[in-house]
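# Topology and contacts: notes
So you can see what is in the structure, the chains are spelled out below.
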Amino acid sequence: VYKRQGLESLKFVCHSCVPLDDTSYSRSAAFTNTNSTTVMFTLETEGPYKILSVRTSYPQPKVQEKVAGADVYVVPPSENVDITVQYRKQVQQGEPEGLTRQVGGSLKIAFLPQSGTRVLPGAEPVGVQDFPMLTTVLYPKISLSQDSVNFENVHPNAPKVMEITLINPTLVDATWQIVDE
């Protein structure tokens, strides 16, 4: 069983208007092998997450094969593995229902049956450890300083000027445009 160093889950807070390469979209966690024996495992994510990097404190031996297309990692007792995961930004269809949206997923560590540095062929994982991940996506909201804009009677050759203020009461930068229809 891996011990997560001080974390119960990976939590992301992402602003919807920020580009994907922003650091808010990725998190790292260090895991320590607390078993008395070396473990072999694969990693995968569930939900809109992607593994960016895996670094072990132990030099990796050449493992003969991948398991279900995934790399196999070998970590002796008390050694660590640092895993960096990225939230994959999803395209929002239409207006968000609120100012935030919660998106969940998990990092799965599948422990493999082994003989030395060989994975036993055809064997299923002997255990899976789930590490929850949660992303809070924040959306901007633009409001006007007035409930409505009424120009009333305006002569066609005498434009009338009215001032309105756009307000963004959220923490998220907002982009907007005026469309003349």
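### Some remarks on the overall build of the chain
Within the chain, the regular secondary structure consists of zero helices and 13 strands. Of the regular secondary structure in the chain, the N- to C-terminal order runs β-β-β-β-β-β-β-β-β-β-β-β-β. For the chain, the residues scored as buried account for 30% of the 181 residues in total. Within the chain, counting contacts between residues at least 6 apart in sequence, those at least 24 apart form 75% of the total. Counting every atom, the chain has about 11800 Å² of accessible surface; 50% of that belongs to carbon and sulfur.

### Here's the deal with the confidence of the model for the chain
The share of residues in the chain with pLDDT of 70 or more is 89%, and the mean pLDDT across the chain is 82. Within the chain, no element has a lower average pLDDT than strand S1 (residues 2–4), which sits at 51, and none a higher one than strand S5 (residues 49–56), at 93.

### Quick word on the pattern of salt bridges
For the structure on display, the rule yields two salt bridges. Taking the shortest distance from any N to any O, the salt bridge between Lys108 and Glu46 comes out at 3.8 Å. On the criterion of sequence distance, the pair formed by Lys108 in strand S8 (residues 100–111) and Glu46 in strand S4 (residues 39–46) is long-range, its members being 62 residues apart. With a closest N to O distance of 2.5 Å, Asp130 and Lys108 form a salt bridge.

### What about the pairing of strand S11 (residues 127–138)?
Where strand S2 (residues 10–15) lies against S11, six bridges are found, and the strand directions are parallel. When the bridges of S11 are listed, His15 appears paired with Leu138. Across twelve bridges, S8 lies against S11 in antiparallel orientation. Note on S11: the bridge partner recorded for Ala110 is Val128.

### Considerations on the environment of Cys14
Of note, Cys14 is situated in strand S2. The spacing of Cys14 and Thr100 is 86 residues in sequence and 9.7 Å in space, taken between C-alpha atoms. Once residues within four sequence positions are removed from consideration, Cys14 is found in contact with Ser24, Tyr25, Tyr87, Thr135, Thr136, Val137 and Leu138.

### Some thoughts on the side chain of Ser106
Mapped onto the secondary structure, Ser106 falls in strand S8. Beyond its immediate sequence surroundings of up to four residues, Ser106 is in contact with Glu44, Thr45, Glu46, Asp130, Phe131, Pro132 and Met133.

### Some points on the sheet that holds S8
Sheet architecture is open: five strands sit in the order S2-S11-S8-S4-S6, paired in mixed fashion. Edge strands, defined here as strands with exactly one partner in the open sheet, are S2 and strand S6 (73–75). In this sheet, adjacent strand axes meet at a mean angle of 30° when their direction is disregarded. Pairing of S4 with S6 involves three bridges; the strand directions are antiparallel. Considered in S6, the bridge of Val39 is made with Val75.

### Some remarks on unusual backbone geometry
Of note, Ser78 is a non-glycine position whose phi angle comes to about 65°, a positive value. Here Ser78 lies in the loop between S6 and strand S7 (80–87). Here Ser78 falls in the exposed class, since its relative accessible area comes to 58%. Phi is positive for Glu152, which is not a glycine, with a value near 55°. Within the secondary structure layout, Glu152 lies in the loop between strand S12 (143–144) and strand S13 (166–167). Here Glu152 falls in the exposed class, since its relative accessible area comes to 63%.

Calculation notes
Residues numbered from 1 in each chain as written. Predicted model: local features only at pLDDT ≥ 70, side-chain atom pairs only at ≥ 80, totals over all residues. Heavy atoms only, no water. Helix = DSSP H or I, 4+ residues; strand = E, 2+ residues; numbered from the N terminus. Buried < 20%, exposed > 50% of the residue type's maximum accessible area, 1.4 Å probe, protein only. Contact = heavy atoms within 4.5 Å. Areas by Shrake-Rupley, 256 points an atom, 1.4 Å probe, with all protein chains shown as cover. pLDDT = per-residue confidence, 0-100. Salt bridge = Lys/Arg side-chain N within 4 Å of Asp/Glu carboxyl O. Pairing = 2+ DSSP bridges. Axes fitted to C-alpha atoms, helices over the stretch in contact; angles between N-to-C directions.

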